[in-house]
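# Commentary on secondary and tertiary structure
Residues per chain are reported as follows:
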Amino acid sequence: MNYKNITVAGSGVLGSQIAFQTAFHGYNVSIYDIHDEAITKAQKSLAKLKGVYGNYFKDEQRAEEAMTRFTFSTDLAEAVKDADLVIEAIPEVVEIKTKFYKQLGKVAPAKSVFATNSSTLLPSQFAEYTGRPEKFIALHFANQIWAKNTAEVMDHPGTAEHITLELLDFAKSIGMVPLHIKKEQPGYILNSLLVPFLSAGQNLFANDVAEPETIDKTWMIATGAPMGPFGILDVVGIQTAYNIVLMQASANPDATNSQKKLAELLKTEFIDKGKMGVATGEGFYKYPNPAYLEPEFLKA
Ligand code: NAD
């Protein structure tokens, strides 16, 4: 793997984190977004991330140096002109990604490898538009990339083997734990496990089987896990949980009563009341000191 210049396309929540993580490990990072306001916003996010990284890694100097490795552009051809690798973190909308890959395939140099950070869409959906399916792969990061440093590297049927190996190496070189997913799997590994687990917990609640605290307590005591499904849901955010239930219900015309009941409950009891999870200070628990972290929680 001989990459030096990385382009990150889309500089929102994940794009700015990917950009910082990559610059922090010495790469030149070109950031592409669609308009000047988005670039200004990205610059603010990067300045905040500088503080986060300096603090987390106890190395302010290194975080300061990372800030010198960014360039910004709203012109795609300019942004990718030297790219060894383009990491795409633009909105999770099929039409937007399709249009992006059609354009990218035309303007990027032949050497550029493309990786999508999409959470729910499969790389094979876009492979033909890239004009280089063998150099296209998924590289999926988790939010708060510096601490939750999984990099799920997922092939599509046309990905060349040496590209997979390069991406696994690249991920390692930016401080991630590379995790190879050998064939396409919606939800990768993490969400293939997490989404059914969170749904199971929520269904127990929606069906009046038990209260969230009882469910979390059961899971935490019996498995030794540091959090139960409702503690995790607060971190993920209630809006995302709600979107997932709606998606599951719309994909299934015979949506169960429990899914409908759950959607209604998340909407009226949480979203409408501004209880969105950790981000707003309250969800299933109150923050910054949620009950499940109190020593008594697992005893009583
Ligand atoms: P976001 O909305 O925070 O950021 C998207 C960015 O893309 C914005 O800056 C927007 O201006 C820009 N954009 C819009 N259209 C564009 C285009 N045509 N070309 C270039 N940039 C464009 O979104 P996000 O949460 O960072 O998610 C981005 C991708 O990362 C999605 O595919 C999502 O599934 C994935 N992802 C998100 C998370 C997460 O926790 N947020 C985690 C893993 C993966």
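See the structure shown above.
We now turn to the structure provided with this report. (Residues numbered from 1 in each chain as written. Predicted model: local features only at pLDDT ≥ 70, side-chain atom pairs only at ≥ 80, totals over all residues. Heavy atoms only, no water.)

Turning to the site of the ligand, a few remarks are in order. Residues in contact with the ligand amount to 21 residues; listed here are only the nearest, Val13, Leu14, Asp33, Glu92 and Lys97. Take aspartate 33: an N or O atom from its side chain is 2.7 Å from an oxygen atom of the ligand. A distance of 3.1 Å separates an oxygen atom of the ligand from a polar atom in the side chain of serine 119. Expressed as a share of its isolated accessible area of 840 Å², the protein-covered part of the ligand is 76%. Counting residues per element, the ones that place at least two in the shell around the ligand are α1 (13-24), α5 (94-107) and β6 (136-141). Tallied by class, residues from the shell around the ligand come to 10 nonpolar, eight polar and three charged. (Near = heavy atom within 4 Å. Polar contact = N/O pair within 3.5 Å; in protein donor to acceptor, adjacent residues only side chain to side chain. Areas by Shrake-Rupley, 256 points an atom, 1.4 Å probe, with all protein chains shown as cover. Helix = DSSP H or I, 4+ residues; strand = E, 2+ residues; numbered from the N terminus. Nonpolar A, V, L, I, M, F, W, Y, C, P; charged D, E, K, R; others polar.)

Next up on the list: the packing of α1 against helix α2 (residues 36-56). Where α1 meets α2, the axes come as close as 10 Å, and the angle between the chain directions of the two elements is 55°. With respect to each other, α1 and α2 are oriented oblique. By crossing handedness, the relation of α1 to α2 is classed as right-handed. Along the contact surface, α1 presents Ser16, Gln17, Ala19, Phe20, Gln21 and Phe24, while α2 presents Ser45, Leu46, Leu49, Lys50 and Tyr53. (Axes fitted to C-alpha atoms, helices over the stretch in contact; angles between N-to-C directions. Parallel < 35°, antiparallel > 145°, perpendicular 65-115°, else oblique. Left-handed = near helix turned anticlockwise from the far one by under 90°. Contact = heavy atoms within 4.5 Å.)

Our next topic: the sheet that holds strand β5 (residues 113-116). Judged by pairing direction, the sheet is mixed, and its eight strands sit side by side in the order β3-β2-β1-β4-β5-β6-β7-β8 without closing on themselves. Both edges of this open sheet fall to β3 (70-73) and β8 (177-181), since each of them pairs with a single strand only. Adjacent strand axes in the sheet meet at a mean angle of 25° when their direction is disregarded. (Pairing = 2+ DSSP bridges.)

The next subject is unusual backbone geometry. Most of the time, phi is negative for any residue but glycine, and the peptide bond is trans. Note that the residue after tyrosine 287, namely proline 288, is joined by a cis bond; omega there is 20°. Within the secondary structure, proline 288 is located in the segment after α12 (257-270). A positive phi is found at tyrosine 188, a non-glycine position, where the angle reads about 50°. Along the chain, the position of tyrosine 188 falls in the loop between β8 and α8 (190-206). You will see that aspartate 208, though not glycine, has its phi angle at about 60°, which is positive.

Further remarks concern the environment of phenylalanine 24. Its location among the elements puts phenylalanine 24 in helix α1. The buried category is assigned to phenylalanine 24, whose relative accessible area is 2%. C-alpha separation for the pair phenylalanine 24 and phenylalanine 230, spaced 206 residues apart in sequence, amounts to 33 Å. When residues no more than four places from it in sequence are discounted, the contact partners of phenylalanine 24 are Tyr53, Phe57, Arg62, Ala63, Ala66 and Arg69. (Buried < 20%, exposed > 50% of the residue type's maximum accessible area, 1.4 Å probe, protein only.)

In short, the description is geometric, and any link to function would need to be established separately.
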